[in-house]
Amino acid sequence: MPLHIQIITPERTLLDTEADEIIVPTTTGELSILPNHVNLVTQVASGILVIKAKGKEESIAVDGGFIEVTEKSVTILSDYAIHAREASAIQAEEAKKRAEKAMKEKKSLEDFATAEAAFRRAILELKIAGKIRTAK
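Residues numbered from 1 in each chain as written. Predicted model: local features only at pLDDT ≥ 70, side-chain atom pairs only at ≥ 80, totals over all residues. Heavy atoms only, no water.

A. Molecular detail of the overall build of the protein chain. Along the backbone of the protein chain there are two helices and 10 strands. Each helix (α) and strand (β) of the protein chain, taken in turn from the N terminus, gives the series β-β-β-β-β-β-β-β-β-β-α-α. Expressed as a percentage of the 136 residues in the protein chain, the buried residues total 40%. Partitioning the contacts of the protein chain with sequence separation of at least 6, the portion at a separation of at least 24 is 55%. Accessible surface for the protein chain amounts to roughly 8,100 Å². Of this, 52% is attributable to carbon and sulfur atoms. (Helix = DSSP H or I, 4+ residues; strand = E, 2+ residues; numbered from the N terminus. Buried < 20%, exposed > 50% of the residue type's maximum accessible area, 1.4 Å probe, protein only. Contact = heavy atoms within 4.5 Å. Areas by Shrake-Rupley, 256 points an atom, 1.4 Å probe, with all protein chains shown as cover.)

Here it is in structure tokens:
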């Protein structure tokens, strides 16, 4: 009996599929979820989650959020998520440079926090873009 998995961001539903297992970065460490897992709600950490289905793996970068687990489903609500096949190392490197510059020029704490979040997301995208490149 597979798990129904949804990954939802403010912009879209990134993923709505069935899988055998999902490995999620949480604030207390990686969590591996299989069908019939105990019900759970916890915080997702920035990192790369792995979805395993029918002998294949998919990687998705997430930047925080929350996960709700039931016996048959996993729902992740995240402010930011990007699938490995959508990641661009060139665009991520440019975003990283822009974010670094913005952090140096911080005009307020809010500007710095926004730039820091952009920097973190660019690093995640670089990681996941590198992962797909090495997997080919």
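Okay, back to it.
B. Structural context of the confidence of the model for the protein chain. Looking at the protein chain as a whole, its pLDDT mean stands at 82, while 79% of the residues score no less than 70. Low pLDDT (under 50) marks residues 132-136, which in the prediction has three contacts with non-local residues, meaning those over four places away or in another chain. (pLDDT = per-residue confidence, 0-100.)

C. Seen up close, the pairing of strand S8 (residues 65-69). Side-chain alternation along S8 places Gly65, Ile67 and Val69 on a buried face and Phe66 and Glu68 on a face that remains uncovered. Examined bridge by bridge, strand S5 (residues 40-44) and S8 share five bridges and lie antiparallel to one another. In the sheet register, Val41 faces S8, and the bridge partner there is Glu68. As paired elements, S8 and strand S9 (residues 73-77) share four bridges and run antiparallel to each other. When the sheet's bridge partners are listed, Glu68 is paired in S9 with Thr75. Adjacent in sequence and paired antiparallel, S8 and S9 are bridged by three residues. (Pairing = 2+ DSSP bridges.)

D. Region of the structure containing the environment of Glu57. Positionally, Glu57 belongs in strand S7 (residues 56-62). Among the residues examined, Glu57 registers a relative accessible area of 53% and is labelled exposed. Taking the C-alpha atoms as reference, Glu57 lies 9.5 Å from Glu21; in sequence the two are 36 residues apart. Setting aside residues no more than four positions away along its own chain, Glu57 makes contact with Val50, Ile51 and Lys52.

E. Spotlight on the pattern of salt bridges. Scanning the model with the defined rule gives two salt bridges in all. For Glu21, the salt bridge is made with Lys52, and the minimal N-O distance between the two is 3.9 Å. Here the residue Glu21 occupies a position in strand S3 (residues 21-26), and Lys52 occupies one in strand S6 (residues 47-53), the gap between them amounting to 31 residues. Judged by relative accessible area, which is 16%, Glu21 ranks as buried. Overall, the relative accessible area of 26% leaves Lys52 in the partly exposed class. (Salt bridge = Lys/Arg side-chain N within 4 Å of Asp/Glu carboxyl O.)

F. Looking closely at the side chain of Asp63. Take Asp63: it is sitting in the loop between S7 and S8. For Asp63, the side chain forms a polar contact with the side chain of Ser46, separated by 2.3 Å. Those residues in contact with Asp63, other than ones at most four positions away along the chain, are Ser46, Ser78, Asp79, Tyr80, Ala117, Arg120, Arg121 and Leu124. (Polar contact = N/O pair within 3.5 Å; in protein donor to acceptor, adjacent residues only side chain to side chain.)

G. Quick look at the environment of Lys104. Its location among the elements puts Lys104 in helix H1 (residues 89-104). Judged by relative accessible area, which is 75%, Lys104 ranks as exposed. The spatial distance from the C-alpha of Lys104 to the C-alpha of Ala115 is 9.3 Å, given a sequence separation of 11 residues.

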